[in-house]
Amino acid sequence: MNAVGSVREVSVAGYDVVVRGGMVYDGTGAPPVRADVGIAGGKVAAIGIDLPEGVRTIEAEGRWVLPGLIDVHTHYDAEALFAPGLGESARHGVTSVVIGNCSLSTVYAEAEDCADMFARVEALPWDVVHSAVKEHRDWTDPASYAAALESRPLGVNVAAFLGHSDIRVAAMGLARASDGKAQATRAERQQMARMLTDALDAGFVGLSTIRSSFSKLEGKRYPGRQLPSTYASWSEYRQLNDVLRERGRVHQSTPNLTGRLELAQFFLQSAARRHGRPLKTTLISAADIKADRSVVRLATTVAALVNRVLGADFRWQHLPVPFEVYADGVDLVVFEEFGSGVAALNIRDLLRRHEFLNDPGFRREFRKDMAKKFGSRVWHRDLHDAEIVACPDASVVGRSFGEIADERGVLPPDALLDLVAEHGSAVRWRTTIANDRGAELNRLARSPQVQIGFADSGAHLRNMAFYNMGVRFLERVHRDRVMPVERAVHRLTGELAEWYGLDTGRIAPGTRADIAVIDPAGFDGSSAAYHEAPMPGAAGVNRMVNRSGGAVAATIVNGVPVFDGHGFADGFGATLRAGTFLRATG
């Protein structure tokens with residue numbers, strides 16, 4: 001950014017908004033400058049000193065003015081249809097989100113198929129997903145889907161992946177697509193390739209797939225089967241990857257942790273030396289998991305070698321805060337990691353599950369699974385590291401299952417099952433499964449093999465809430481001097497926008513006016529506190545959320561102030577049209 005003694009300006013008669021007197025971080029990693037930012041027609045019109053007043057002025061003295069944050073891993077696909085403000089992101093300085101991750105999108109599949117695919121793996125109410133797609137569907141292909149989103153009163157910009165499970169079901173039907181013995185025919189593969197091409201033509205950022213073996217279907221037809229994308233052959237992936245590589249778009253996926261050698265397939269597919277040009281590839285997740293401290297170092301080291309030696313363009317997605325999760329009884333995705341956990345989750349009727357949890361045979365298997373020390377896993381399964389936060393039996397609240405087991409003279413798995421069998425989902429507990437070591441978090445945040453972004457916003461409503469991960473990251477950077485603030489801003493904005501091919505992430509004359517105003521005086525530690533709130537548009541559904549106190553002073557989307565630190569603008573999510581469908585370029 002130039003010295004602020006001179007005004008850089010796009011010709012404009014007046015400003016709709018002026019952000020006055022803040023420290024402006026332009027998203028490129030350059031040091032900040034104290035300046036005013038003038039906005040007109042949804043664009044940054046000028047950056048300078050003592051700009052004329054705008055129709056609206058936002059005071060930013062002592063605050064940071066930066067490009068709006070980008071959340072590249074969300075599951076807002078259903079919520080964008082019935083509550084398009086996406087306020088839990090907007091209130092935290094996020095101005096652009098990417099939906100369609102983990103092979104899941106709602107572009108082609110019918111409502112029942114979408115609900116079956118989203119509900120269990122993303123811990124979303126089946127009825128909410130089903131009604132969102134069935135009642136709001138007014139599209140037939142990617143181009144009309146993009147137009148349908150643009151027609152809604154979006155509170156933030158929305159970019160999208162096309163989900164592989166989505167197109168697989170549309171081409172093969174859910175029965176065959178989720179049958180491990182059935183493979184896509186040549187005609188069906190060609191149909192999927194055409195669907196992907198149409199999506200890229202419509203501006204989708206790429207394709208998302210999933211290999212995780214504990215990603216299961218919900219519903220009455222094929223409950224317990226894995227998501228359709230997991231059953232695809234690598235030749236099917238390669239055919240779709242060729243389409244992505246030719247267009248310079250992104251492949252996002254979740255690997256199978258029980259088959260780590262399979263990661264080599266992702267690395268080789270990304271390699272330029274094998275294919276002539278690299279395939280942008282991003283996987284979840286670079287996490288310092290308690291269950292195996294060696295994994296994250298190995299993952300980033302191998303990624304660095306692949307990028308340098310093979311010419312790949314590979315990134316791990318990373319959540320830059322402690323990975324704390326909550327569970328109601330046994331309703332938590334980590335139970336999908338082992339056989340007895342899957343068996344319990346497969347029983348959706350709570351009365352039958354209650355009886356099952358007391359079965360001696362099941363308990364034997366559960367104890368064995370919980371005691372296993374080897375093999376790929378995410379959850380540490382240490383029930384001394386699992387605090388009960390709510391229960392009808394108040395005497396156990398604030399204590400771990402391990403403590404209760406020691407007191408009762410039973411094994412910790414039995415203490416958990418005893419309480420869940422008695423009280424069901426009223427037993428709420430929490431644990432941190434990863435990212436608990438500050439030094440390792442800081443190392444990951446600085447790694448060029450890592451991109452900041454694995455919030456899972458809009459999913460796992462009762463299990464986790466990382467909507468404000470960007471604010472929490474900036475707070476740690478400011479407090480602990482992890483890196484220069486301008487570098488942290490670049491990692492959260494310009495770096496992501498460039499890699500995904502999105503027209504946002506910078507503050508300069510002529511750029512999209514997506515801006516967050518951050519008040520470092522509001523960094524008081526409260527952003528990590530637990531909160532719950534009703535889910536807009538979904539009666540009776542409460543979800544975990546975040547609140548960042550006074551840290552976010554304003555969020556501006558396409559030049560429209562949508563949040564002012566106290567509340568949302570009039571008509572937000574209802575009549576106010578701030579966001580748009582953000583098309584990828586390249």
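Residues numbered from 1 in each chain as written. Predicted model: local features only at pLDDT ≥ 70, side-chain atom pairs only at ≥ 80, totals over all residues. Heavy atoms only, no water.

**Points about the pattern of salt bridges**
Applied cut-off: A side-chain nitrogen of Lys or Arg and a carboxyl oxygen of Asp or Glu constitute a salt bridge if their distance falls within 4 Å. Strands are runs of DSSP state E lasting at least two residues, helices are runs of H or I lasting at least four, and both sets are numbered from the N terminus onward. Only protein chains enter the accessibility calculation, which uses a 1.4 Å probe; a residue is then buried when its area is under 20% of its type maximum, exposed when over 50%, and partly exposed in between.
What the rule picks out here adds up to 42 salt bridges. Between Arg-583 and Glu-150 there is a salt bridge whose closest N-O contact spans 2.9 Å. Taken together, the positions of Arg-583 in the segment after strand E22 (560-563) and Glu-150 in helix H5 (residues 142-150) put the pair 433 residues apart, joining distant regions of the chain. A salt bridge links Asp-313 to Arg-315; its shortest N-O distance comes to 3.2 Å. The exposure classification of Asp-313 matches that of Arg-315, with both residues buried. Through salt bridges that share partners, Glu-112, Asp-113, Asp-116 and Arg-221 make up one connected network.

**Regarding the sheet that holds strand E14 (residues 323-328)**
Applied cut-off: Strand pairing follows a simple DSSP-based rule, namely that at least 2 bridges must link the two strands. The axes used here are C-alpha line fits, helices contributing only the stretch in contact, and every angle between their N-to-C directions lies in the interval 0 to 180 degrees.
If you trace the three strands from one edge of the open sheet to the other, you get E14-E16-E15, paired in antiparallel fashion. On the outer flanks of this sheet lie E14 and strand E15 (387-390), each paired with one strand and no other. Shown here is a sheet whose adjacent strand axes are inclined to one another by a mean of 35°, direction ignored. Both E14 and strand E16 (residues 428-434) contribute to a ladder of six bridges, which runs antiparallel. Paired with Asp-328 across the strands is Arg-428, a residue of E16.

**Side note on the nonpolar core**
Going by this rule: Residues grouped as a nonpolar core are buried Ala, Val, Leu, Ile, Met, Phe, Trp, Tyr and Cys residues, joined through side-chain atoms within 4.5 Å. Domain ranges listed in this record stem from an automatic or a database domain assignment.
Ranked by size, the top nonpolar core spans 139 residues in total, and within it Phe-204, Phe-323, Phe-335, Trp-379, Phe-401 and Trp-429 carry the most contacts. Two domains each donate at least three residues to this core, and these are domain 1 (68-324 + 434-497) and domain 2 (326-432). Counting residues in hydrophobic clusters, the runner-up holds 19 residues, among them Val-65, Ile-515, Val-517 and Ala-554.

**Quick notes on the sheet that holds strand E7 (residues 69-71)**
Spelled out, the test is: The criterion used for residue contact is that any of the two residues' heavy atoms lie within 4.5 Å.
Strand order in the open sheet formed by eight strands is E7-E8-E9-E10-E11-E12-E13-E17, and the pairing between neighbours is parallel. Since the sheet does not close on itself, it has two edges, and those belong to E7 and strand E17 (450-452), each with one partner. Each adjacent strand pair in this sheet contributes to an overall mean axis angle of 30°, direction not counted. As judged from the three bridges shared by E7 and strand E8 (residues 94-99), these two strands associate in the parallel manner. In the sheet register, Asp-71 faces E8, and the bridge partner there is Val-97. Set on the sheet, helix H20 (residues 485-492) makes contact with E7 and E17; between it and E17 the angle comes to about 90°.

**Let's talk about the environment of Val-24**
Mapped onto the secondary structure, Val-24 falls in strand E2 (residues 15-24). It is 8.1 Å that separates the C-alpha atoms of Val-24 and Asp-36, two residues lying 12 residues apart in sequence.

**Remarks on the side chain of Asp-166**
For clarity, the cut-off: Residues scored as positive are Lys and Arg, those scored as negative are Asp and Glu, and His as well as the terminal groups of each chain are ignored. In protein, a polar contact requires one atom able to donate a hydrogen and another able to accept it; more generally it is a pair of N or O atoms within 3.5 Å, and residues adjacent in sequence count only if both atoms are side-chain atoms.
Here Asp-166 shows up in helix H6 (residues 164-172). Put simply, Asp-166 is tucked away with no salt bridge, and the nearest opposite charge, on Arg-137, sits 6.3 Å away. Within the structure, the side chain of Asp-166 is placed 2.6 Å from the side chain of Ser-105, a separation counted as a polar contact. Among the polar contacts listed, one links the side chain of Asp-166 to the backbone nitrogen of Tyr-108, at a separation of 3.2 Å.

**What to know about helix H4 (residues 126-136)**
Every buried residue of H4 is listed here: Val-128, Val-129, His-130, Ala-132 and Val-133. Check the buried side of H4 and you find it contacts helix H1 (79-82) and helix H3 (111-118).

**Concerning the domain arrangement of the protein chain**
So the rule is basically this: We define buried area as the total accessible area lost by two parts upon association, computed with a 1.4 Å probe and summed across both. Side-chain classes follow a simple rule in which Ala, Val, Leu, Ile, Met, Phe, Trp, Tyr, Cys and Pro form the nonpolar group, Asp, Glu, Lys and Arg form the charged group, and the remainder, Gly included, forms the polar group.
Parsing the protein chain into structural domains produces domain 1 (68-324 + 434-497) and domain 2 (326-432). Taken together, the contact pairs 19 residues of domain 1 with 22 residues of domain 2. When domain 1 packs against domain 2, the two sides together hide about 1,900 Å² of surface, and 49% of this comes from carbon and sulfur. Of all residues in domain 1, Arg-120, Phe-214 and Glu-324 bury the most surface against domain 2, accounting for 32% of the area lost on that side. For Arg-120, the salt bridge is made with Glu-336, and the minimal N-O distance between the two is 2.7 Å. At the boundary of domain 1 and domain 2, one finds eight residue pairs in polar contact (both at pLDDT 80 or more). Grouping the constituent residues of the side of domain 1 that touches domain 2 by class yields seven nonpolar, four polar and eight charged.

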